[in-house]
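Letter by letter, the chains look like this.
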Amino acid sequence: QVQLTESGGGLVQTGDSLTLSCAPSSRTYSSHIMGWFRQAPGKDREFVAAVRWGVGNTYYGDSVKGRFTISRDKADNTVSLQMNNLKPDDTAVYYCARTNSYSTYYADWNIWGQGTQVTVSS
């Protein structure tokens with residue numbers, strides 16, 4: 001089964017930028033959707049962004065629209081999340097995920113990475 005490995009998390013200050021990367025262990029196909037979710041302590045897992053691997057359409061959660069950009073690199077078989085103007089509310093564990101059918105609901109995604117911590121200081 002495919003494994004998703006996130007990287008790039010860390011501690012940053014409010015207003016800073018950070019880029020996360022997700023590297024699947026096997027090839028991603030055009031029918032797949034790759035995405036990012038995040039979960040802060042005491043909060044539900046929240047949809048962040050997604051990209052259709054084949055056509056490249058992107059989708060964003062309301063809380064990150066205009067600040068985050070998801071992209072995929074087919075040659076490298078990776079998906080990235082460029083996070084700009086970070087806020088303390090962005091502090092969470094960020095998870096890479098994959099599904100065959102687009103949804104903003106975490107339970108509809110069947111492949112998950114371990115997560116990477118992003119902490120934004122106030």
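Residues numbered from 1 in each chain as written. Predicted model: local features only at pLDDT ≥ 70, side-chain atom pairs only at ≥ 80, totals over all residues. Heavy atoms only, no water.

Counting 26 residues, the largest nonpolar core has Trp 36, Val 79, Leu 81, Met 83 and Tyr 94 as the members making the most contacts within it. Contributing elements (two or more residues each) for this core: β3 (18–24), β4 (33–39), β5 (46–52), β7 (68–73), β8 (78–83), β9 (92–99) and β11 (116–121). Within the second largest apolar cluster, six residues are counted, among which are Phe 37, Phe 47, Ala 50 and Ala 97. (Core = buried A, V, L, I, M, F, W, Y, C linked by side-chain atoms within 4.5 Å. Buried < 20%, exposed > 50% of the residue type's maximum accessible area, 1.4 Å probe, protein only. Helix = DSSP H or I, 4+ residues; strand = E, 2+ residues; numbered from the N terminus.)

Below, the discussion takes up the environment of Gly 15. Considering the arrangement of structural elements, one finds Gly 15 in the loop between β2 (10–13) and β3. C-alpha of Gly 15 to C-alpha of Arg 45: the two residues are 30 residues apart in sequence and 23 Å apart in space. With residues up to four places along the chain from it excluded, the contact list for Gly 15 reads Asn 85 and Leu 86. (Contact = heavy atoms within 4.5 Å.)

A word on the environment of Gln 117. Position of Gln 117 among the secondary structure elements: in strand β11. Apart from the residues within four sequence positions on either side, Gln 117 is in contact with Gly 9, Gly 10, Thr 91, Ala 92 and Val 93. Only 3.3 Å separates the side chain of Gln 117 from the side chain of Thr 119, close enough to count as a polar contact. (Polar contact = N/O pair within 3.5 Å; in protein donor to acceptor, adjacent residues only side chain to side chain.)

What follows concerns the pattern of salt bridges. According to the stated counting rule, one finds four salt bridges in the structure shown. Between Lys 65 and Asp 62 there is a salt bridge, with the nearest N and O atoms lying 3.0 Å from each other. Accessibility assignment for this pair places Lys 65 and Asp 62 in one class, exposed. Salt bridges linked by common partners bring Arg 38, Glu 46, Arg 67 and Asp 90 together as one network. (Salt bridge = Lys/Arg side-chain N within 4 Å of Asp/Glu carboxyl O.)

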